Amino acid sequence: MKALSTPRELIDTVLRSVCGHEIERVVRLSGGGLNETYRVEMAPAHALVVRIARQRVPWFTDEEHLMAQARAVGVPTPETLGVEHVEHDGGLLSFSVQRLLPGRSLEELADDLPASEVERLVMDCGELLARVHSITAGRGIRHELRPPDELVVADVARVVDRELGPAAAAAVVRGAELLGQQVTTRAAPGLSLAHGDWIR
């Protein structure tokens, strides 16, 4: 189990403010990208996920709005119970408190599933991703499409070549060339919601 980075008493204070219940247990989750992520058990028996970001500006401010839009088109997303911003040790901590969305990690299941079931799950994920991309995001962080940087593509291709072989590395280069061609020859696409961690 990983140790807590944010003091437990601070997590307790924020959760009491948002939920009005005492915490029974806090467990640091291994995933979570740029944020600290915890599973929290509270009384009466229910589980939450708490994500804590350290940014110069308040974080998670648009997330619940965008997740509500995703829920409206059939993408399972957790309910956000509250977002709090706290000054701590000269920095800003942003807390997002969410109900735990039950499920099991595909990483845990994939080795025990037949290939046909894995293929079906990949197709289902593609459908969910298409629904995410159908959402017109009027707020949040905006990323403009740009031709891929040649040095970045070369670095990625080297890693892929080392891990998966030259055929896979060549596919990376071809994909980057196709993206560069599309970005420079087509009209700019409209804004839509994108999920940067989908491939994890």
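This structure is a prediction, so every number in the text was calculated from the model and none was measured. (Residues numbered from 1 in each chain as written. Predicted model: local features only at pLDDT ≥ 70, side-chain atom pairs only at ≥ 80, totals over all residues. Heavy atoms only, no water.)

Right, let's get into the nonpolar core. One finds Leu15, Val40 and Phe95 to be the most contacted residues of the largest nonpolar core, which totals 17 residues. Of all the secondary structure elements, the ones that give two or more residues to this core are α1 (8-19), β1 (23-28), β2 (36-42), β3 (46-54) and β5 (91-99). What valine 40 contacts, discounting residues up to four positions off in sequence, is Leu15, Ile23, Arg25, Val26, His46, Ala47, Leu48 and Val50. (Core = buried A, V, L, I, M, F, W, Y, C linked by side-chain atoms within 4.5 Å. Buried < 20%, exposed > 50% of the residue type's maximum accessible area, 1.4 Å probe, protein only. Helix = DSSP H or I, 4+ residues; strand = E, 2+ residues; numbered from the N terminus. Contact = heavy atoms within 4.5 Å.)

We now examine the side chain of threonine 6. In this structure, threonine 6 sits in the segment before α1. For threonine 6, the residues in contact, after removing those within four places along its chain, are Ile11, Glu36, Tyr38, Ile52, Arg54, Leu93 and Phe95.

Below, the discussion takes up unusual backbone geometry. We note that phenylalanine 60 has phi near 70 degrees; this positive angle belongs to a residue other than glycine. In this fold, phenylalanine 60 is placed in the loop between β3 and α2 (63-72). Judged by its relative accessible area of 6%, phenylalanine 60 is buried. A positive phi angle, close to 50 degrees, is found at aspartate 89, a residue other than glycine.

This part takes up the sheet that holds β1. One open sheet holds the five strands; their spatial order is β1-β2-β3-β5-β4, and the pairing between them is antiparallel. For this open sheet the edge positions go to β1 and β4 (80-88), each flanked by a neighbour on one side alone. Sheet twist, expressed as the average angle between the axes of neighbouring strands with direction ignored, equals 25 degrees. Direction of pairing for β1 relative to β2: antiparallel, over a ladder of five bridges. Along β2, the bridge assignment pairs valine 26 with valine 40. Sitting on the sheet, α1 touches β1, β2, β3, β4 and β5, and the angle it makes with β4 is about 140 degrees. Of the strands in this sheet, β3, β4 and β5 are in contact with α2, which crosses β5 at around 25 degrees. (Pairing = 2+ DSSP bridges. Axes fitted to C-alpha atoms, helices over the stretch in contact; angles between N-to-C directions.)

As far as function goes, none of this settles anything; it's purely spatial.
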